[in-house]
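Observations on the three-dimensional arrangement
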Amino acid sequence: MNILKVNQISKNFGRIQALRNVSFEIPQGSVFGILGPNGSGKTTLLSIVTDVLKPTTGNFFWFGKPSNAATRKQIGTILETPNFYAYLSGYDNLLLRQKIHQRGSPKEIQAVLELVKLSERAQSSVKTYSLGMKQRLAIAASLLGKPQVLILDEPTNGLDPIGIVEIRDLILELRKQNYTIILASHLLDEVEKVCTHTAILKQGKLLSYGKVDKILGKGLTIEIASNSLTELANFLQRQFPQAIIKKENEVLQLVLETDSVDLASLNQSCFQNGILLHHLALRKKTLETAFLELTEN
């Protein structure tokens, strides 16, 4: 089942075209990352599917239906920097939001605080919270009312390494509990660690979308070096005529369109041909590499 279907959405701001006929589908239970350089249209797209902005053309469907009050109750959203009353406790901030927005019940507050690992600090004033704790509190607020979907815009923006790990672990835990999570981020390494699916935007145009494994495709790089790089390069070109061989800091980069290689056999083959290797390492294709390949042109 698809949670969200985006159909040929475009958005113009005067002469600026922020989105250009963007279409994709988000499956239930996925962690869907929307990636792109600054100005690619990520936040504009999230604003449209949360009814903050209207598209110039195109439409979208939540749970197979046009957006309406009922579907919006199934969506928890964080599109801005968390904003809480600093003098109130974390618990009281959530209680206030619950009363204002009429999402869920007071009984849920303790449960969502436990889920985001803030129950021990529930009665502490928010002014004593770190930025990472405030972000987790914002996620707790979005969980009130038990939505099926969470939308997070740059959830790790500005966080220190510990805060990033905490948000990453929380996203993985929420996925285990069958939430569908849609997030926009520029931290490709983090997206690769948590996302099952991704869409890549550039200048408002969708370049690629699908499972992360599909975006990565086949491909890996072998770092290899010997005392004679010229001899080694000639040997590798004979062994792998379709490969790309590049030199970087006295190490050759052997780029192969495959998803596996036997390094022991390669080492033995080099030895049998009189080439002694002093460096041999495998580097699989990353989401960052795929992202750069799609967006650099």
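Refer to the structure presented above.
Residues numbered from 1 in each chain as written. Predicted model: local features only at pLDDT ≥ 70, side-chain atom pairs only at ≥ 80, totals over all residues. Heavy atoms only, no water.

1. Structural notes on the overall build of the protein chain
Selection criterion: In this description a helix means any DSSP run of H or I spanning at least four residues, a strand means any run of E spanning at least two, and both kinds are numbered starting from the N terminus. Buried means the residue's accessible area, taken with a 1.4 Å probe over protein chains only, is under 20% of the maximum for its type, while exposed means over 50%, and partly exposed covers the values in between. Only heavy atoms matter for contacts: two residues are in contact if any of them lie within 4.5 Å across the pair. Only the protein chains shown count as cover for residues, with accessible areas throughout obtained via the Shrake-Rupley method and a probe of 1.4 Å. Neither His nor the chain ends contribute to the count of charged residues, in which Lys and Arg are positive and Asp and Glu negative. Each charge is placed at NZ for Lys, CZ for Arg, CG for Asp and CD for Glu.
Looking only at helices and strands, the protein chain has eleven helices and 14 strands in total. The principal-axis extents of the C-alpha atoms in the protein chain amount to approximately 75 × 45 × 35 Å. Within the protein chain, the fraction of its 297 residues that count as buried is 46%. Restricting the contact set of the protein chain to residue pairs at least 6 apart, pairs at least 24 apart contribute 68%. Counting every atom, the protein chain has about 15,700 Å² of accessible surface; 48% of that belongs to carbon and sulfur. Of note, the protein chain has its 34 positive side-chain charges centred 9 Å away from the centre of its 27 negative side-chain charges.

2. Topic: the packing of helix α3 (residues 90–101) against helix α5 (residues 131–143)
Axis angle and axis distance: for two packed helices, these are the angle between their axes and the distance between the axes, and together they describe the pair. What counts here: Lines fitted to the C-alpha atoms define the axes, with helices restricted to the stretch that makes contact. Angles between their N-to-C directions range from 0 to 180 degrees. Definitions for this section: a left-handed crossing has its near helix turned counterclockwise from the far helix by less than a right angle. A right-handed crossing has that turn clockwise. In this classification, Asp, Glu, Lys and Arg are treated as charged, Ala, Val, Leu, Ile, Met, Phe, Trp, Tyr, Cys and Pro as nonpolar, and every other residue, Gly included, as polar.
Contact geometry for α3 and α5: axes closest at 10 Å, N-to-C directions at 35°. Taken as a pair, α3 and α5 cross one another with a handedness that is right-handed. Two secondary-structure elements touch here, α3 through G90, L94 and R97 and α5 through L137, A140 and A141. Residue classes in the contact of α3 with α5 are distributed as four nonpolar, one polar and one charged.

3. Here we look at the sheet that holds strand β6 (residues 75–78)
Sheet strands associate in pairs through backbone hydrogen bonding, adopting either a parallel or an antiparallel arrangement. Our working definition: Pairing between strands requires that DSSP locate at least two bridges from one strand to the other.
Taken in spatial order, the six strands of this open sheet run β6-β7-β8-β3-β9-β10, and their pairing is mixed. Either end of the sheet is taken by a strand with one partner, and the two such strands are β6 and β10 (205–211). Recorded for the sheet is a direction-independent mean angle of 10° between the axes of neighbouring strands. Pairing between strand β3 (residues 31–35) and strand β9 (residues 197–202): four bridges, direction parallel.

4. Examining empty space enclosed by the protein
Selection rule: The definitions used throughout rest on a 1 Å grid laid over the protein atoms alone, on which a cavity is an enclosed set of points accommodating a 1.4 Å probe that cannot get out and a pocket is an open set flanked by protein within 12 Å on both sides along at least five of seven lines; lining residues are those having an atom within 4 Å of a point. Grid points are joined across faces, edges and corners, and a volume is the space filled by probe spheres set on the points.
One pass over the structure, following the stated rule, counts two cavities of 30 Å³ or more. Estimated volume of the largest cavity: approximately 80 Å³. Every residue along the wall of the largest cavity is listed here: P155, T156, I164, I167, R168, I171, L183, S185, E190, V191 and V194. Mapped by element, the contributors of at least two residues to the lining of the largest cavity are α6 (161–176) and α7 (188–194). In terms of residues, the lining of the largest cavity owes the most to one element, α6, which gives four residues. Residue classes in the lining of the largest cavity are distributed as seven nonpolar, two polar and two charged. Volume-wise, the second largest cavity comes out at about 30 Å³. If you trace the second largest cavity, you find it lined by L4, F24, I26, I34, L45, L46, V49 and I182. Looking at the lining of the second largest cavity, the elements that each hand over two or more residues are β2 (16–27) and α1 (42–49). Here the lining of the second largest cavity takes three residues from α1, the largest share from any one element.

5. Here we look at the nonpolar core
To keep things clear, this is the line we draw: Note on terminology: a nonpolar core comprises buried Ala, Val, Leu, Ile, Met, Phe, Trp, Tyr and Cys residues joined through side-chain atoms within 4.5 Å.
Among the nonpolar cores identified, the biggest contains 41 residues, and I139, L143, L174, I181 and L183 are the most heavily contacted of them. Examining the composition of this core, we find that seven residues originate from one element, α5, more than from any other. Leave out the neighbours within four places in its chain, and I181 touches S30, V31, F32, L150, L152, I171, L174 and R175. Counting 25 residues, the second largest nonpolar core, distinct from the first, contains L19, F24, L46 and L206.

6. A word on the pairing of strand β13 (residues 251–256)
Of all six residues that make up β13, five are buried, and the element is covered over most of its length. Note that strand β11 (residues 220–226) and β13 share five bridges and pair antiparallel. Note that in β13 the partner of T221 across the bridge is V255. Note that strand β12 (residues 244–248) and β13 share five bridges and pair antiparallel. The residue bridging K247 from the neighbouring strand is L252, located in β13. Taking the residues between adjacent antiparallel strands as the criterion, β12 and β13 are bridged by two residues, where N249 takes a positive phi near 55°.

7. Regarding helix α9 (residues 229–239)
For clarity, the threshold we go by: The arc in question is the one spanned by the directions pointing from the helix axis to the C-beta atoms.
Within the sequence span of α9, burial applies to L229, L232, A233, F235 and L236. Take α9 and look down its axis: the buried residues cluster within an arc of 165°, on one side only. Residues of α9 that are exposed and point more than 90 degrees away from the buried face comprise T230 and R238.

8. Digging into the side chain of Q98
Mapping Q98 onto the fold places it in helix α3. In this structure Q98 comes out as buried when scored by relative accessible area, which is 7%. With residues up to four places along the chain from it excluded, the contact list for Q98 reads R103, G104, S105, P106 and L144.

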